[in-house]
Each structure stands twice: as C-alpha cells, then as structure tokens.
Amino acid sequence: QVQLVESGGGLVQPGGSLTLSCAASGSISSLAAMGWYRQAPGKQRELVAAIISGGGTNYADSVKGRFTISRDNAKATVYLQMNSLKPEDTAVYYCNVKNPRGLGRWTDYWGQGTQVTVSS
C-alpha cells in the first residue's frame, strides 16, 4: 500500500511563491514517476509537472519558467516550487505517483489534495 501526504498549500498574493511537498510511504519503486496535477472549480484535472526517476521533467505550458519540480529519492518526496503565482493558478493540487508493476503496467496513487489560492 502506498500513502501520499501533501503539505504547503495556502493563500498567497499574485506574484508570490509557495512550495508544495508530497511525502510517499509504502512500496514505492525507485523507478516510480512522481508529479503534480491540479483541478480548478468546474475544470478537469490537469497535469502541472512530472519528474521521472532519472530526473527528467515535463511541465504544462502555462507553468513553464515559473514552477520547478524536484524529488528526493532518499526521502521518497516530491516538491513543487511555484513562483510568480497568478490568480489562474488557483486550484486544488494533487500529488501523483505512478508505480511500475512490470510488463509496462503502472499503478496510480493520489494524495488528498492541497488548496492553493492566489488572490489579493
């Protein structure tokens, strides 16, 4: 069983910064991909950023140059540094882990979500 515990959300003014953390526990493979998704009211959940075990990253176009994803494999923790926040970044942010099961199959695990609100 895998558990994900998120922290770091909150209220911030436009132009401000926040850092989200997600600590994973349980049977996490060193090959697991980790990432962050977000869901704003009335919208579908979307990928924000992802990082694979080798350190390669992928970002949504809307956050490129402002957000940075990183991971600490020893701590099984993934971070999302968010700078130059905009009101449109307001959403519930979810941590995601894709744990490999072999033969090209993966299991998705999700955190409980943390609210990020960007407002003056």
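Think of each chain on its own: its residues are numbered from 1, step by step along the sequence as written. Local features in this predicted model are restricted to residues whose pLDDT is 70 or higher, and side-chain atom pairs enter the listing and the counts only when it is 80 or higher, whereas totals over whole chains, interfaces and linings include all residues. Where side-chain values are given, they derive from all heavy atoms of the structure, hydrogens and water being excluded.

Enquirer: I tried to follow the packing of aromatic side chains on my own but got confused; where do I start?
Expert: One pair of aromatic rings is described through two measures. These are the centre distance and the angle between the planes. Only centres within 6.5 Å qualify two rings of Phe, Tyr or Trp (six-membered ring in Trp) as a pair; their planes then separate them into stacked at under 30 degrees, edge-to-face at over 60, and tilted for everything else. Counting across every chain of the model gives one aromatic pair. Ring centres of Tyr-37 and Trp-110 lie 5.0 Å apart, and the angle between their planes is 70°; this geometry places the pair in the edge-to-face category. Taken together, the positions of Tyr-37 in strand S4 (residues 33–39) and Trp-110 in strand S10 (residues 105–110) put the pair 73 residues apart, joining distant regions of the chain. Categorising residues by exposure relies on relative accessible area from a 1.4 Å probe, with only protein chains included: less than 20% of the type maximum marks a residue as buried, more than 50% marks it as exposed, and the intermediate range marks it as partly exposed. Judged by its relative accessible area of 16%, Tyr-37 is buried. For Trp-110, a relative accessible area of 36% gives the class partly exposed. A ring is considered to have a charge above it if a Lys NZ or an Arg CZ atom is located within 6 Å of its centre and within 35 degrees of its normal. One residue, Arg-45, lies across the ring of Trp-110, its end atom 4.7 Å from the ring centre. Only runs of H or I of at least four residues qualify as helices and only runs of E of at least two qualify as strands under DSSP, and these elements are numbered from the N terminus.

Enquirer: I would appreciate a short explanation of the state of the cysteines in the present structure.
Expert: Covalent bonding between the sulfur atoms of two cysteines is what defines a disulfide. Counting rule for disulfides: a pair of cysteine sulfur atoms within 2.5 Å. One pass over the structure, following the stated rule, counts one disulfide. Across a sulfur-sulfur distance of 2.1 Å, Cys-22 and Cys-95 are joined as a disulfide pair. On the sign convention where negative means left-handed, the S-S torsion of about -80° between Cys-22 and Cys-95 marks this disulfide as left-handed. Placement of Cys-22 in strand S3 (residues 18–26) and of Cys-95 in strand S9 (residues 91–102) is noted, with a sequence separation of 73 residues between them.

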